[in-house]
Amino acid sequence: MVRILPGGDERALREAAGLLRRGGLVAFPTETVYGLGALARDPAAVARVFAAKGRPADHPLIVHLAEAGWMGRWARTVPEPAWRLAERFWPGPLTLVLPRAEGVPDAVTGGQDTVGLRVPAHRIARRLVAAVGDGVAAPSANRFGRISPTRAEDVAAELGEAVDAIVDGGPCAVGVESTILDVSGARPRLLRPGGIPAEALAEVLGEMPAPAGAAAPRSPGRLAAHYAPRTPLELVPGAELAARAAALAARGARVAVLTHGAERPAAAAVVERMPAQAEGYARALYARLRGLDAGGFDRILVAEPPRGGLWEAVADRLRRAAAGSGAEEEERT
Ligand code: TXA
Ligand code: MG
């Protein structure tokens, strides 16, 4: 059994920090999702992260810092808007992509000339990184392409013996990953919608960030297929849920429905209600998908969420989950 360390215990946190400093892999809670941590300066430890996740080596990792003052150790220059964003949103669910400093291992950046940095808001994450005393590289603690974990037990189910320890901090408060903003170029670009809505970034930037665009660097959170359950998942407008569930059930499929609305499709084997507010929806989403994925359904139908604000992150993850779960290919054949 993998070791689970209680996050509220100072001695356990010091032990976790010691494991990281010695090149170990430690999963820990952040306010967004659980991260799979390794000492960012240690290429061998970072290589173990890629092996544990089954992640291609050219996809970069986010380096977690204890405070914004550490940015200068990892970024060769910090443009003025990056300082303003850090002041407003750190600690918090925002990752800034900056020109990398000399000495940042290629293993972390996937060989790119930029590095992703974030100061997490979760008390345990900050204390852990502060105790390590240097940057902690941490992707979400799931197998490549799968659903991110928002509870310690999800990490154990995903990665098990591949990690040296898991720090348990209970369920994550935000529930979807950080917003990634590339501030290394002339105009800030939104690489991934996340816990900080683009509208909030615009208040600081004076304009909406540009969309990622086709030239965006390789980044698995941006692959069309990602965050996927094993059960085929489909996004369906709320008004069409009943008809779609009926059509699938007529073919003998056991259908689960996930909706933030009042729909109750009679043909569904299970209908699960989601919170109607984006914050509650995001917090609950990944654990609900895991639960449904384990329920032996043939198909998961999810009501299309609203747009704007934090809903953009929810909609983005659901679209990628649909693309990654095989429902679409199956429809074509
Ligand atoms: O909320 C989060 O961001 C969580 C927690 C643990 O902090 N981490 C997370 O890491 O979601 P990961 O590796 O699952 O997703 C990070 C994304 C990836 O798509 C990665 O390619 C991208 O950030 N990324 C990291 N560094 C980058 C860079 N220099 N340029 C472009 N994309 C980058
Ligand atoms: Mg991830």
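Per an unreviewed UniProt entry, the protein chain is named Threonylcarbamoyl-AMP synthase, and its organism is Inmirania thermothiophila. The UniProt entry for the protein chain carries the following comment under Catalytic activity (unreviewed entry): "L-threonine + hydrogencarbonate + ATP = L-threonylcarbamoyladenylate + diphosphate + H2O".

> Please clarify how the packing of helix H10 (residues 278-293) against helix H11 (residues 311-324) should be interpreted in this entry.
Each pair of packed helices gets described by two things: the angle between the helix axes and the distance between those axes. Contact pair H10 / H11: the axes reach a minimum separation of 9 Å and the direction vectors enclose 25 degrees. Between H10 and H11, the angle falls in the class roughly parallel. Handedness of the crossing formed by H10 with H11: left-handed. Across the interface between the two elements, Ala278, Tyr281, Ala282, Leu285 and Leu289 of H10 pack against Trp311, Ala313, Val314, Arg317 and Ala321 of H11.

> Would you take a moment to explain the UniProt feature "binding site: L-threonine" (unreviewed entry) in the protein chain for this structure?
As recorded in UniProt, the feature "binding site: L-threonine" (unreviewed entry) lies at Thr32, His64, Ala138 and Ser178. For the residues just named, distributed over 147 residues, the greatest C-alpha separation is only 12.7 Å, placing them together at one site. If you trace the backbone, Thr32 turns up in the loop between strand E2 (26-29) and strand E3 (34-39). Discounting residues that sit within four places of it in the chain, Thr32 has contacts with Pro93, Cys172, Val174, Val176, Glu177, Ser178 and Gly195. Mapped onto the elements of the fold, Ser178 is located in the loop between strand E8 (165-168) and strand E9 (179-182). With 29 C-beta atoms counted inside 10 Å, the residue Ser178 sits in the buried group. Apart from the residues within four sequence positions on either side, Ser178 is in contact with Thr32, Pro93, Leu94, Thr95, Arg118, Gly194 and Gly195.

> Teacher, can you tell me more about the domain arrangement of the protein chain here?
Often, the extent of an interface is quoted as the loss of accessible area on bringing the components together. Domain annotation of the protein chain identifies domain 1 (4-221) and domain 2 (233-332). Taken together, the contacts link 16 residues of domain 1 with 16 residues of domain 2. Its residues placed into classes, the side of domain 1 that touches domain 2 shows seven nonpolar, six polar and three charged.

> Explain unusual backbone geometry here, please?
Comment: phi is negative for the bulk of residues other than glycine, and the bulk of peptide bonds are trans. In this chain, Trp90 is followed by Pro91 through a cis amide linkage whose omega measures -10 degrees. Examined against the element boundaries, Pro91 turns out to sit in the loop between helix H4 (80-89) and strand E5 (94-99).

> I keep staring at the sheet that holds strand E12 (residues 233-236) and nothing clicks. Help me out?
Neighbouring strands of a sheet are bound in pairs by backbone hydrogen bonds; such pairs are parallel or else antiparallel. Read across the open sheet, the four strands follow the order E12-E15-E13-E14; overall the sheet is parallel. Strand pairing shows two members of the sheet lacking a second neighbour, E12 and strand E14 (270-273), which therefore form its edges. For this sheet, the mean angle separating the axes of adjacent strands, direction not counted, is 20 degrees. Packed on one face of the sheet, helix H9 (residues 241-250) meets E12, strand E13 (255-259) and strand E15 (299-303) and runs near 165 degrees to E13. Against the sheet, H11 contacts E12 and E15, and its axis sits at roughly 135 degrees relative to E12.

> I'm lost on the nonpolar core in this one. Help?
As a rule of thumb, nonpolar side chains are buried together in soluble globular proteins. Formed by 103 residues in total, the largest nonpolar core has its most connected members in Ala16 and Ala27. A total of eight residues in this core trace back to one element, the largest contributor, which is H10. When we break this core down by domain, the ones giving at least three residues each are domain 1 (4-221) and domain 2 (233-332). Beyond its immediate chain neighbours, meaning those up to four positions away, Ala27 contacts Tyr34, Gly35, Leu36, Gly37, Ala141, Val155, Leu159, Val163, Ile166 and Val167.

Cut-off values and rules
Residues numbered from 1 in each chain as written. Chains lettered and ligands numbered in written order. Predicted model: local features only at pLDDT ≥ 70, side-chain atom pairs only at ≥ 80, totals over all residues. UniProt positions renumbered as here; feature names shortened; annotations may be inferred. Axes fitted to C-alpha atoms, helices over the stretch in contact; angles between N-to-C directions. Helix = DSSP H or I, 4+ residues; strand = E, 2+ residues; numbered from the N terminus. Parallel < 35°, antiparallel > 145°, perpendicular 65-115°, else oblique. Left-handed = near helix turned anticlockwise from the far one by under 90°. Contact = placed C-beta atoms within 7 Å. Buried ≥ 20, exposed ≤ 12 C-beta atoms within 10 Å, placed from the backbone. Domains from an automatic or database assignment. Nonpolar A, V, L, I, M, F, W, Y, C, P; charged D, E, K, R; others polar. Pairing = 2+ DSSP bridges. Core = buried A, V, L, I, M, F, W, Y, C linked by C-beta atoms within 7 Å.

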